[in-house]
Amino acid sequence: MAHKKIATLTTFYSLSKKQQKAIMLLFSGTFTQAKVAKEVGVHPTTLSHWKEWDDFRKAQDEYNHFMLHDITSEAIIAMRNLLHARSEMVRFNAAKDILDRSITGLEDAQRRKTVADAKIAEAKLEDLKDDKDDQMDALTNMMSKLAKNVPKDDQNDD
């Protein structure tokens, strides 16, 4: 289990102890940014700069995913149980929440597919441009060779 934890939190563990503590406090959601900065022992602007840094954000994502992974199945079971609650309103809200989340997941998947398709199309376009450049180079070389083979008398037919 420890190896799995380290493998999933690679970026998180590459940060300083203060940055790791900041990520843990931010995850808890019980502290303001100013309070987190004070607890960690840095100026609030330093924390703001950290939050803009790609590795810090990646480490936050890793930590959040790791922490939520274990409780996700429990949350799903709880929502499923609420589908059989006595209150019609509770059942409705549980069903609505489950459907909203599943639709969001589908939208995210569709968005990722669209981005991937766009990247493929861009790569194909680049290949076509490269092919066009190669064809132009070959044509220029051929014209150059032909020009060298034309007799000098034929070059000035004015």
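Residues numbered from 1 in each chain as written. Predicted model: local features only at pLDDT ≥ 70, side-chain atom pairs only at ≥ 80, totals over all residues. Heavy atoms only, no water.

Section: the pattern of salt bridges
Applied cut-off: Take a side-chain nitrogen of Lys or Arg and a carboxyl oxygen of Asp or Glu: if they are within 4 Å of each other, that pair is a salt bridge. Helical segments are the DSSP runs of H or I of at least four residues, strand segments are the runs of E of at least two, and each set is numbered from the N terminus. Only protein chains enter the accessibility calculation, which uses a 1.4 Å probe; a residue whose area is less than 20% of its type maximum is buried, one above 50% is exposed, and one in between is partly exposed.
Using the criterion set out here, one finds 2 salt bridges in the structure. A salt bridge links Lys35 to Glu39, with the nearest nitrogen and oxygen atoms 3.3 Å apart. With Lys35 and Glu39 both in helix 4 (residues 33-40), this residue pair falls 4 residues apart, about one helical turn. Of the residues examined, Lys35 reaches a relative accessible area of 34% and is grouped as partly exposed. Notably, a salt bridge pairs Asp54 with Arg57, separated by 2.6 Å at the nearest N-O pair. Here the residue Asp54 and the residue Arg57 both occupy positions in helix 6 (residues 54-82), the gap between them amounting to 3 residues, near one helical turn. The class for Asp54 is exposed, based on a relative accessible area of 52%. For Arg57, a relative accessible area of 36% gives the class partly exposed.

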